[in-house]
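Structure at a glance
Listed below are the residues making up each chain.
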Amino acid sequence: FGEMANRYVKIVCGRGNNGGDGAAVARQLWMRGALVDVVLLGKVDETNGDARTNFDIVRSMAASGCGIGLREIGTRAEVWDEFEDSEPDLYVDAIFGTGLTRPAEGIFADAIECLNNRAATSLASLDLPSGLASDLPEPIGPHVVADLTVTFTAPKPSCVLPPAVFACGLVATAAIGSPEE
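Residues numbered from 1 in each chain as written. Predicted model: local features only at pLDDT ≥ 70, side-chain atom pairs only at ≥ 80, totals over all residues. Heavy atoms only, no water.

1. So, the overall build of the chain
Selection rule: To qualify as a helix, a DSSP run of H or I must reach at least 4 residues; to qualify as a strand, a run of E must reach at least 2; elements of each kind are numbered from the N terminus. Throughout, the radius of gyration refers to the C-alpha atoms, and the reference size of a globule is 2.2 Å times the residue count to the power 0.38.
Regarding its fold elements, the chain presents 4 helices and 7 strands. When the helices and strands of the chain are listed from N to C terminus, the series reads β-α-β-α-β-α-β-α-β-β-β. Relative to its length of 181 residues, the chain is compact, with a C-alpha radius of gyration of 15 Å against a globular reference of 16 Å. The principal-axis extent of the C-alpha atoms belonging to the chain is close to 45 × 35 × 30 Å.

2. Digging into the side chain of Thr-151
Spelled out, the test is: What qualifies as a polar contact is a pair of N or O atoms within 3.5 Å, subject to a donor-acceptor requirement within protein and to the restriction that residues adjacent in sequence count only when both atoms come from side chains. Throughout, a contact is declared for two residues whenever any of their heavy atoms are within 4.5 Å.
Residue position: Thr-151 is located in strand 6 (residues 148–152). A distance of 3.0 Å separates a polar atom in the side chain of Thr-151 from a polar atom in the side chain of Lys-156. Setting aside its immediate chain neighbours within four residues, Thr-151 contacts Asp-127, Lys-156, Cys-159, Val-171, Ala-172, Thr-173 and Ala-174.

3. Quick look at a negative patch on the surface
We apply this condition: Only residues above 30% relative accessible area that lack a salt bridge enter a patch, with like-charged residues linked at up to 9 Å and the nonpolar side chains Val, Leu, Ile, Met, Phe, Trp and Tyr linked at up to 5 Å. Shrake-Rupley sampling with a 1.4 Å probe provides the accessible areas, and residues are treated as covered by the protein chains on show and by no other component. A carboxyl oxygen of Asp or Glu within 4 Å of a side-chain nitrogen of Lys or Arg is what we treat as a salt bridge. Only four residue types enter the tally: Lys and Arg on the positive side, Asp and Glu on the negative side; His and the chain ends are excluded. Charge placement uses NZ in Lys and CZ in Arg. For Asp and Glu, CG and CD serve respectively. Only protein chains enter the calculation, and the probe is 1.4 Å; a residue is then buried if its accessible area is under 20% of its type maximum, exposed if over 50%, and partly exposed in between.
A surface patch of negative charge is lined by Glu-78, Asp-81, Glu-84 and Asp-85. Structurally, Asp-85 is set in the loop between helix 3 (76–84) and strand 4 (90–94). For Asp-85, a relative accessible area of 64% translates into the label exposed.

4. Some remarks on the sheet that holds strand 5 (residues 122–126)
Quick reminder of the rule: Two strands qualify as a pair provided DSSP detects at least 2 bridges between them. Between the N-to-C directions of two axes lies an angle of 0 to 180 degrees, each axis being a line fitted to C-alpha atoms and, for a helix, fitted only over the stretch in contact.
With parallel pairing, the 7 strands of this open sheet are ordered in space as 3-2-1-4-5-6-7. The open sheet has two edge strands with one neighbour each: strand 3 (68–73) and strand 7 (170–174). Strand-to-strand twist of the sheet, defined as the mean angle between neighbouring strand axes without regard to direction, takes the value 20°. Pairing of strand 1 (residues 8–13) with strand 2 (residues 35–41), which is carried by 6 bridges, proceeds in the parallel orientation. From the neighbouring strand, Cys-13 faces strand 2, where its bridge partner is Leu-40.

5. A few points about helix 1 (residues 17–31)
This is how the line gets drawn: Given a helix with a known number of residues, its expected span is that number minus one, times 1.5 Å.
Spanning 15 residues, helix 1 covers 21 Å between terminal C-alpha atoms, matching the ideal 21 Å at 1.5 Å per step. What helix 1 keeps buried is the set Asn-18, Gly-19, Gly-20, Gly-22, Ala-23, Ala-26 and Leu-29. Gly-33 lies just past helix 1 and shows a positive phi near 95°.

6. Examining the pattern of salt bridges
For the structure on display, the rule yields 11 salt bridges. Ionic pairing is found between Glu-82 and Lys-10, a salt bridge with its closest N-O pair at 2.9 Å. Placement of Glu-82 in helix 3 and of Lys-10 in strand 1 is noted, with a sequence separation of 72 residues between them. In terms of burial, Glu-82 and Lys-10 fall into one category: buried. Here Asp-110 ties to Arg-76 by a salt bridge, and the two come within 2.6 Å at their closest N and O atoms. Note that Asp-110 is positioned in helix 4 (residues 107–116) and Arg-76 in helix 3, a separation of 34 residues in sequence. The exposure class assigned to Asp-110 is buried, which follows from its relative accessible area of 5%. With a relative accessible area of 48%, Arg-76 lands in the partly exposed category. Ionic contacts of the salt-bridge type, sharing partners, join the residues Lys-10, Asp-37, Arg-71 and Glu-82 into one network.

7. Here's the deal with the packing of aromatic side chains
Put simply, the test is: Side-chain rings of Phe, Tyr and Trp (the six-membered ring for Trp) are treated as a pair once their centres are within 6.5 Å; stacked means planes under 30 degrees apart, edge-to-face means over 60, and tilted covers the remaining angles.
Scanning all chains against the criterion turns up 2 aromatic pairs. Seen in terms of ring centroids, Phe-96 and Phe-108 are 5.3 Å apart; in terms of plane orientation they differ by 45°. Their pairing is tilted. One end of the pair, Phe-96, is in the loop between strand 4 and helix 4; the other, Phe-108, is in helix 4, and 12 residues separate them in sequence. The exposure class of Phe-96 is buried, given its relative accessible area of 18%.

8. Describing the environment of Ser-64
Along the chain, the position of Ser-64 falls in helix 2 (residues 49–64). On the accessibility criterion, Ser-64 (53% relative accessible area) is exposed. Residues Ser-64 and Ala-51 lie 13 residues apart in sequence; the distance between their C-alpha atoms is 20 Å.

Below is the structure:
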């Protein structure tokens, strides 16, 4: 995905830990010179823990006008509108992480569909493509089909076993400080 300076990145986040990871990635990309929009499927006030901390930081940065935007999306119509407005250089999928056990629905399924219907824009998923269950080789419902999946600590079964692996694109493992065991 190369140099990020002056590239436009749109990060689509859920309200959980994976979304919080997306907010953290937004800051990292911004520090590398990217223009970043964070699209939260929900409200910052509906998040908690580390995710809330990361979204609060992004919200403060967005309020300062520094080059990070934050939009809170609450309806299906807003999801579709969000994807009509622009075509970034890169989309980042940070909707769902490893805890998903049932098919995505509502605004989450719509966001997955919109990500999959993007034009030629590249798509990177954080930890695993949203909509896959981390420990299952079979997709459990609508899911993102990524060009790159950056999985944390170790590859998840869905990132290495067919047919789910075909939704992952290139898989890279990132160390995030988790114990090896």
